[in-house]
Amino acid sequence: MTRHARNCTAGAVYTYNEKKRDAAESGYGTNAQRLGKDSVKSFDCCSLTLQPCRNPVITKQGYLFDKEAILQYIVTKKNEYSRKLKEFERLRRVEEEEITQEANCKQQARMERFVNSEKPTTTPAHKSSPVEQPVLPAPSTSAAAIAASENGSISNMANGNQKKLPAFWLPSECPNAGAAKAKKPDATIYCPVSSQPLKVKDLIDVKFTPIKDGDTKKSLIAKEVRYMCPITHDALSNAVPCAVLRPTGDVVTLECVDKLIRKDMVHPLTDRKLKEKDIIPLQRGGTGYATTNDKLSAKEQRPMLQV
């Protein structure tokens, strides 16, 4: 009887621990690792640059961006759409020319068939038909044999084939390779995080309230806790759920929203009536608690070890 241990090598059964250990050493299987604090974006950082926002704006889905970064992203996508639209128009003109040429060829073929059908098919009576001679089969000679006899070589580069690609595995040499089909590009610009339609007019300016700690030696970016709720003066961090009030752009805690704002639906700073759509939850980067976040583990897909 074999001993019960993780490093037992005398057993007849390939255990799960042995399989996991061999997979880790050989590079097979999925490699999973829990994200640390340095790998998680802070709540006040841009979702594109991953740096603290200078001019923060937020989308309707609650994703924070730096205004300069998101405007540059939108301009880049518009330029890409213009380039794709020009390519689409060029391919469409090529397709129209091919269709027109094919129709002309069919029309020419019909005319030739009609002209050939109108010609007389009977032979004159004073001319006797020649005696049909038996046709002997010609010796079969392939193109490769002719090329070999002429050039003295059987290489596939002979007879002017050196300019053709002999690599049949290339996409351009496949049997179904042909002209690209014209597909009209989508003019809609999508958010790089939520993949929802994004417009410049939907971006909302965000106003963070700096924390009042009396420390004037450190810059605002160098501080670990930088902002606070303007109503309750609670410090804001990834561990504190936050929301943005659309009319003014103030960032407040969700606890303040549930206990103070939702009772009368009035803005505490401006006494302005609010609607439910004016309260936008701010998407956080992550914390160390499993119940707060959905995805705090990174996975690397590798070849699977099958036994």
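Residues numbered from 1 in each chain as written. Predicted model: local features only at pLDDT ≥ 70, side-chain atom pairs only at ≥ 80, totals over all residues. Heavy atoms only, no water.

Engineer: Could you clarify how one ought to interpret the nonpolar core in this entry?
Structural biologist: A general feature of soluble globular proteins is that nonpolar side chains tend to end up buried together. Ranked by size, the top nonpolar core spans 35 residues in total, and within it Ile-58, Ile-70, Val-251 and Ile-261 carry the most contacts. Breaking this core down by element, the ones donating at least two residues are β2 (56-58), β3 (64-66), α2 (67-118), β7 (242-245), β8 (251-253), α4 (254-264) and β9 (279-281). When we break this core down by domain, the ones giving at least three residues each are domain 1 (37-44 + 208-295) and domain 2 (67-113 + 186-203). Other than its neighbours up to four places away in sequence, Ile-70 contacts Leu-48, Val-57, Phe-65, Pro-192, Leu-198 and Leu-203. (Core = buried A, V, L, I, M, F, W, Y, C linked by side-chain atoms within 4.5 Å. Buried < 20%, exposed > 50% of the residue type's maximum accessible area, 1.4 Å probe, protein only. Helix = DSSP H or I, 4+ residues; strand = E, 2+ residues; numbered from the N terminus. Domains from an automatic or database assignment. Contact = heavy atoms within 4.5 Å.)

Engineer: Is there a simple way to think about the sheet that holds β9 in this case?
Structural biologist: The strands that make up a sheet are held in pairs by hydrogen bonds between backbone atoms, and each pair lies either parallel or antiparallel. Taken together, the 3 strands give an open sheet; going across it, the order is β8-β7-β9, and neighbouring strands pair in antiparallel fashion. Lying at the two open borders of the sheet, with one neighbouring strand each, are β8 and β9. Averaged over all adjacent pairs, the angle separating strand axes in this sheet is 40 degrees, with direction ignored. Where β7 and β8 come together, 3 bridges link them in antiparallel fashion. Its bridge partner lying in β8, Val-244 is registered against Val-251. Across the face of the sheet, α4 comes into contact with β7, β8 and β9 while running at roughly 85 degrees to β8. (Pairing = 2+ DSSP bridges. Axes fitted to C-alpha atoms, helices over the stretch in contact; angles between N-to-C directions.)

Engineer: Could you clarify how one ought to interpret the packing of aromatic side chains in this entry?
Structural biologist: The description of an aromatic ring pair rests on the distance of the ring centres and on the angle between the ring planes. Enumeration according to the criterion identifies 2 aromatic pairs in this entry. Taking the centre distance of 6.1 Å and the plane angle of 80 degrees together, the rings of Phe-43 and Phe-208 count as edge-to-face. Pair noted here: Phe-43 is in the loop between β1 (31-34) and β2 and Phe-208 is in the loop between β4 (204-205) and β5 (209-210), with a separation of 165 residues, a long-range link. Judged by centre distance (4.6 Å) and plane angle (25 degrees), the rings of Phe-208 and Tyr-227 are stacked. Note that Phe-208 is positioned in the loop between β4 and β5 and Tyr-227 in strand β6 (residues 227-228), a separation of 19 residues in sequence. (Phe/Tyr/Trp six-rings, centres within 6.5 Å; stacked < 30°, edge-to-face > 60°.)

Engineer: What's the story with the pattern of salt bridges in this structure? I'm lost.
Structural biologist: Oppositely charged side chains may form a pair once their charged atoms are brought near each other. Across all of its chains, the model carries 12 salt bridges by this definition. Two residues, Lys-207 and Asp-250, come together in a salt bridge whose shortest N-O distance is 3.6 Å. Pair noted here: Lys-207 is in the loop between β4 and β5 and Asp-250 is in the loop between β7 and β8, with a separation of 43 residues, a long-range link. You can call Lys-207 partly exposed: its relative accessible area is 45%. A salt bridge links Arg-246 to Asp-278, with the shortest nitrogen-to-oxygen separation between them at 3.6 Å. Of the two residues, Arg-246 is situated in the loop between β7 and β8 and Asp-278 in the loop between α4 and β9; the sequence distance between them amounts to 32 residues. (Salt bridge = Lys/Arg side-chain N within 4 Å of Asp/Glu carboxyl O.)

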